[in-house]
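A look at the structure
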Amino acid sequence: MTREPISKTLHTYITDYVENTMQQDLKEVFEQYIQENPDLSRYVEQVRQGHRSLDWTRRVTEHSPDSAQKLYEMISRIGHRSEDR
Amino acid sequence: MSTVKKNQWQQLSDEDVMEQFQAGEEMAYNVLVQRYRNRIYHFVYRYTRNYQDSEDLTQDTLVRLYRCRLSYKRIARFSTWLYTIAGNLMKSHYKKKQRMQAVSIYGQDAEGGNQPYDPADPQPCVDDSVHATILLERVEQALHEMPEEFSSLIILRDIQQKSYEEVVDISGLPMGTVKSRINRGRARLAGMIREYEHV
């Protein structure tokens, strides 16, 4: 797995960048910073892909009661697992 | 003229045979049918416990394979794709059966008894529906296998669309930790999905 960036500030930038909530001027600087750091670039791309898959899952479940039910059951199981700890 | 010699078919993977089929090689379809007819039949029979329905659903799956060949994309294993088609056909078959039984309760279908198999709808292939089903299952599986400290946060944020402030309130974690775990969870998820998809 790609080495993870360390700082939480950097994670905040990545979140804003991936969710497209970053200010344009900051985005340009951040993009340049990403390009200069191949490890970071790969990591951000993975985060972006994961975000896209989840966004897609959410949209599918909105239009499919069967899928929504299945996902809801899984979320409930994860909740129980959390409570068991 | 076929580019694959007769004795070479057995050496090709399912995905390679499917590629030949998509390129117009009809012999490839026969190879896939030979490889999967019995497997699909047994898969379907485990659920239907009915010989005739199983035979019909197997036949229908193989017809779908033929008709929908161009909708297969090599992001999923061929077997996963075909079993998903069979599974979807089983689901619609049961829904139709349930509807027919519901109608007969009210006497509109006096015949009752064993309803004949109703062939799957003749609509054209919906390109991404099967892949969508596969990807959805993979996302669910990846979320389930992921440590809860990641999955619970990305479900809140990405599936339930809570704001970061709400996620912080619910989880009781600092904002930086929430964002860090959500990013790491998303990256893990992408990696896990790619592992499943690797053919």
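The text that follows walks through the structure, step by step, so that each part is easy to find. (Residues numbered from 1 in each chain as written. Chains lettered and ligands numbered in written order. Predicted model: local features only at pLDDT ≥ 70, side-chain atom pairs only at ≥ 80, totals over all residues. Heavy atoms only, no water.)

1. With respect to the overall build of chain A
When helices and strands are counted, chain A shows four helices and zero strands. If you list the helices and strands of chain A from N to C, you get α-α-α-α. Expressed as a percentage of its 85 residues, the buried residues of chain A come to 36%. Of all intrachain contacts in chain A linking residues separated by at least 6 positions in sequence, the fraction that spans at least 24 positions is 48%. (Helix = DSSP H or I, 4+ residues; strand = E, 2+ residues; numbered from the N terminus. Buried < 20%, exposed > 50% of the residue type's maximum accessible area, 1.4 Å probe, protein only. Contact = heavy atoms within 4.5 Å.)

2. As for the packing of helix H1 (residues 14–22) of chain B against helix H2 (residues 26–48) of chain B
Residues and elements named next belong to chain B. One can describe the packing of H1 onto H2 by two numbers: an axis separation of 8 Å at closest approach and a directional angle of 145 degrees. Crossing of H1 against H2: the hand is left-handed. Residues Asp-14, Val-17, Met-18, Gln-20 and Phe-21 of H1 lie in contact with H2, whose contacting residues are Ala-28, Tyr-29, Val-31, Leu-32, Arg-35 and Tyr-36. Considered class by class, the residues forming the contact of H1 with H2 number eight nonpolar, one polar and two charged. (Axes fitted to C-alpha atoms, helices over the stretch in contact; angles between N-to-C directions. Left-handed = near helix turned anticlockwise from the far one by under 90°. Nonpolar A, V, L, I, M, F, W, Y, C, P; charged D, E, K, R; others polar.)

3. Side note on the packing of aromatic side chains
Residues and elements named next belong to chain B. Counting across every chain of the model gives 15 aromatic pairs over all chains. On the basis of an interplanar angle of 55 degrees and a centroid distance of 5.6 Å, the ring pair of Phe-21 and Tyr-66 is categorised as tilted. Pair noted here: Phe-21 is in helix H1 and Tyr-66 is in helix H3 (residues 51–67), with a separation of 45 residues, a long-range link. What makes Phe-21 buried here is its relative accessible area of 1%. We classify Tyr-66 as partly exposed; its relative accessible area is 29%. Between the aromatic rings of Tyr-45 and Tyr-51, the centroid separation amounts to 5.1 Å while the plane-to-plane angle is 15 degrees, which identifies the pairing as stacked. Clustering of aromatic rings is evident, with ring pairs tying together Tyr-36, Phe-43, Tyr-47, Tyr-72, Phe-78, Trp-81 and Tyr-83. Positioned above the aromatic ring of Tyr-36 is the side chain of Arg-39, whose terminal nitrogen or guanidinium carbon lies 4.3 Å from the ring centre. Its guanidinium or amino end placed over the ring of Tyr-164, Lys-179 lies 5.0 Å from that ring's centre, counting from NZ or CZ. (Phe/Tyr/Trp six-rings, centres within 6.5 Å; stacked < 30°, edge-to-face > 60°. Lys NZ or Arg CZ within 6 Å of the ring centre and 35° of its normal.)

4. Side note on the packing of helix H1 (residues 8–18) of chain A against helix H2 (residues 24–35) of chain A
For any two helices packed against each other, the geometry is given by the interaxial angle and the distance between the axes. Residue and element names in this part refer to chain A. Orientation of H1 relative to H2, taken along the N-to-C sense of each, is 110 degrees, at an axis distance of 11 Å. By the angle between their axes, H1 is roughly perpendicular relative to H2. Remark: the crossing between H1 and H2 carries left-handed chirality. Contact residues: Leu-10, Tyr-13, Ile-14 and Tyr-17 in H1; Leu-26, Lys-27, Phe-30, Glu-31, Tyr-33 and Ile-34 in H2. Here the residues of the contact of H1 with H2 are counted per class, giving eight nonpolar, no polar and two charged. (Parallel < 35°, antiparallel > 145°, perpendicular 65-115°, else oblique.)

5. Points about the environment of Lys-27 of chain A
Residues and elements named next belong to chain A. Summarising the element assignment, Lys-27 is placed in helix H2. Sequence spacing of Lys-27 and Tyr-13 is 14 residues, and the spatial spacing of their C-alpha atoms is 9.0 Å. Dropping the residues within four chain positions of it, Lys-27 is found in contact with Tyr-17, Asn-20 and Met-22.

6. Details of the side chain of Ser-54 of chain B
Here Ser-54 of chain B is to be found in helix H3. In this view, Ser-54 of chain B contacts Tyr-41, Val-44, Tyr-45 and Thr-48 of chain B; residues no more than four positions away in its chain are not counted.

7. Details of helix H7 (residues 164–171) of chain B
All names here are of chain B. Turning to H7, its buried residues are Tyr-164, Val-167 and Val-168. One face of H7 carries all of its buried residues, which in axial projection span an arc of 100 degrees. In H7, the exposed positions angled more than 90 degrees off the buried face are occupied by Glu-165, Asp-169 and Ile-170. In the stretch just after H7, Gly-172 is the one whose phi turns positive, near 75 degrees. (Arc of directions from axis to C-beta.)

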